[in-house]
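# What the coordinates show
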Amino acid sequence: MQKNLLYDNHGRPLNYLRLAVTDRCNLRCFYCMPAEGIKYVQRKELLSYEEMLRLVGVLVEMGITKVRITGGEPFVRRDLMGFLERLTAIEGLQAVNITTNGVLTLPFIPKLKEIGIASINLSIDSLDRDRFFQITRRDELPKVLKTLEALEEAGIPTKLNAVVMDGQNTEDILPLAAFTKDHPIEVRFIEEMPFNGEGEKTNGKSWNHRQILAKIESKYPDIQRVADPPNSTATHYHIPGHAANIGIIAAFTRTFCGSCNRIRLTAQGMLKTCLYDEGVLDIRSLMRSGASDDDLKGAFLAVFNSRAKDGFEAEQNRKGRPVQESMSTIGG
Ligand code: SAM
Ligand code: SF4
């Protein structure tokens, strides 16, 4: 296994890149973007696949071993599969994972399996068709459920992501927790964050990790805390007799910053060393002005060495507006 060579100024190893391949999306989840959508960037402002492959190659040489493809919705970008095939072939890159809403994913599952995609995170905030529609503003639950079924059948390791929102889907917490009984698919509940394109909380009342756990405990009082994989953002629990664990991600409370191993690259080529910063390096401009691989490495190292210690500090360091950008421009 490749030794991790990359550390930030707080001694945290960095080995995980979240790469947004587009800011576009075919859903309109209200916690992520307004009903009318966001102003998408022009195609030429997006990193090309060639540029992304170059950047990942450079970062892998520096110590990144895992990449998650995200967006927007990754499967709305043309020829994603051709890109993924080339990405998974990069030497030294140990795992390529994808986060998707699952609407367009079904036909690609055999190919995803063939090229060795390590795992899929499928976002599904409700198992109820009406509530799914209320949240995503699109009636696509049946397609997402077909994708889920096919992923399980194909044996691709899969996790479900559900953002928990007061007055929207708290009644989905128990059915989603129950899903782990007969399926080897971890279900992760995520605190809502104000990355909805409009700022402030969508309904003023989101649920924190304690409330989510209390809800699950109300039905499953014997739920047990279990060990977390290294650098996990989720706190893990297990209901005795169930096939899979449950994870709770304190994304807004930010309990996990001390072991954060991830960096993010937006679809426009802005590097973020924290979800809550406003972008610390415009890598696209650097690349397009002729930077060599060594120049890129130098620029990466400089920002890795001045990383905020946690999401609160990163938020405080923002020079521009407070957090309000759409998560579809960041990738989650
Ligand atoms: N479109 C894909 C999807 O939905 O899975 C990938 C991109 S999406 C931005 C990545 C993850 O971010 C999803 O699991 C989504 O639920 C989560 N997310 C989006 N907006 C969020 C918010 N305001 N608070 C918490 N999680 C959010
Ligand atoms: Fe699209 Fe994912 Fe944002 Fe929903 S959470 S609008 S699926 S990018």
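Everything discussed here concerns the structure shown above.
Below you will find a few notes about this structure. Because the structure is a prediction, the values reported are computed rather than measured.

## Looking at the environment of Val41
Mapped onto the elements, Val41 comes out in the loop between strand E1 (16–20) and helix H1 (49–62). Residue Val41 is classed as buried on the basis of its relative accessible area of 11%. Taking the C-alpha atoms as reference points, Val41 and Phe132, separated by 91 residues in sequence, lie 27 Å from one another.

## Structural notes on the environment of Glu325
Inspection of the secondary structure puts Glu325 in the segment after helix H10 (311–316). Beyond its immediate stretch of four places on either side in the chain, Glu325 contacts Phe195, Asn196, Gly197, Lys272, Asp277, Arg318 and Ile330. Reaching out from Glu325, the side chain makes a polar contact with the side chain of Arg318 at a distance of 2.9 Å.

## Topic: H1
The end-to-end C-alpha distance of H1, which contains 14 residues, comes to 20 Å, matching closely the 20 Å that a straight helix rising 1.5 Å per residue would cover. Counted residue by residue, H1 has ten buried out of 14 residues, so it is predominantly covered. The complete set of buried residues in H1 reads Tyr49, Glu51, Met52, Leu53, Leu55, Val56, Val58, Leu59, Val60 and Met62. At its buried positions, H1 is contacted by E1, strand E2 (66–70), helix H2 (80–88), strand E10 (262–265), helix H8 (283–288) and helix H9 (293–304). Of the residues trailing H1, Gly63 is marked for its positive phi of about 135°.

## A closer look at the packing of H1 against H9
Pairs of packed helices are described in terms of their axes, by the angle between the two and the distance that separates them. With their axes 10 Å apart at the nearest point, H1 and H9 run at an angle of 65° to one another. The handedness of the crossing between H1 and H9 comes out as right-handed. On H9, the residues touching Arg54, Leu55, Val58, Leu59, Glu61 and Met62 of H1 are Asp293, Leu296, Lys297, Phe300, Leu301 and Phe304. Grouping the constituent residues of the contact of H1 with H9 by class yields eight nonpolar, no polar and four charged.

## Some remarks on the site of ligand 1
Near ligand 1 lie 19 residues; those nearest to it are Tyr31, Gly72, Thr99, Ser123 and Met193. Here a nitrogen atom of ligand 1 and a side-chain polar atom of Glu73 are 3.2 Å apart. Residue Ser123 places a side-chain N or O atom 2.5 Å away from an oxygen atom belonging to ligand 1. Contact with the protein chains covers 95% of the free accessible surface of ligand 1, which is 540 Å². Mapped by element, the contributors of at least two residues to the shell around ligand 1 are strand E3 (95–100) and strand E5 (158–164).

## Quick look at the nonpolar core
Within the largest apolar cluster, 102 residues are counted, with the highest numbers of intra-cluster contacts made by Ile69, Phe83, Leu84, Leu87, Ile216 and Phe300. Among the elements that line this core, the one with the most residues is H1, at nine residues. The contacts of Phe300, once residues within four sequence positions are left out, are Leu55, Val58, Leu59, Met62, Leu271, Leu281 and Ile283.

## A short note on helix H4 (residues 129–136)
Looking only at H4, the buried set comprises Phe132, Ile135 and Thr136. Taken down its axis, H4 places every buried residue within 80° of arc, on the same side. Exposed and facing more than 90 degrees away from the buried side of H4 are Asp130 and Gln134. In the core, the buried residues of H4 are packed alongside helix H5 (141–154). Taking the backbone nitrogen of Asp130 as reference, a side-chain oxygen 3.1 Å away marks Asp128 as the first, capping residue of H4.

## Focus on the pairing of E2
Buried residues dominate E2, accounting for four of its five residues. Inspection of the sheet shows E1 paired to E2 by five bridges, in the parallel sense. In the sheet register, Arg18 faces E2, and the bridge partner there is Arg68. On the question of chirality, the crossover connecting E1 to the parallel E2 by way of H1 is right-handed. Of the strand pairs in this sheet, E2 and E3 are connected by four bridges, and their pairing is parallel. In the strand pairing of E3, Val67 is matched with Val96.

## A short note on the environment of Gln168
As for its position among the elements, Gln168 is in the loop between E5 and helix H6 (173–179). Remark: the alpha-carbon pair of Gln168 and Ala150, spanning 18 residues in sequence, is separated by 27 Å. With sequence-adjacent residues up to four places away left out, Gln168 is seen in contact with Phe30, Arg131, Gln134 and Ile135.

## Quick word on the site of ligand 2
Near ligand 2, the surroundings consist of Cys25, Leu27, Cys29, Cys32, Met33, Gly72, Asn101 and Ser328. For the shell around ligand 2, the class distribution of residues is five nonpolar, three polar and no charged.

What counts as what
Residues numbered from 1 in each chain as written. Chains lettered and ligands numbered in written order. Predicted model: local features only at pLDDT ≥ 70, side-chain atom pairs only at ≥ 80, totals over all residues. Heavy atoms only, no water. Helix = DSSP H or I, 4+ residues; strand = E, 2+ residues; numbered from the N terminus. Buried < 20%, exposed > 50% of the residue type's maximum accessible area, 1.4 Å probe, protein only. Contact = heavy atoms within 4.5 Å. Polar contact = N/O pair within 3.5 Å; in protein donor to acceptor, adjacent residues only side chain to side chain. Expected span 1.5 Å × (residues − 1). Axes fitted to C-alpha atoms, helices over the stretch in contact; angles between N-to-C directions. Left-handed = near helix turned anticlockwise from the far one by under 90°. Nonpolar A, V, L, I, M, F, W, Y, C, P; charged D, E, K, R; others polar. Near = heavy atom within 4 Å. Areas by Shrake-Rupley, 256 points an atom, 1.4 Å probe, with all protein chains shown as cover. Core = buried A, V, L, I, M, F, W, Y, C linked by side-chain atoms within 4.5 Å. Arc of directions from axis to C-beta. Pairing = 2+ DSSP bridges. Right-handed = clockwise from strand over helix to strand, strands pointing away.

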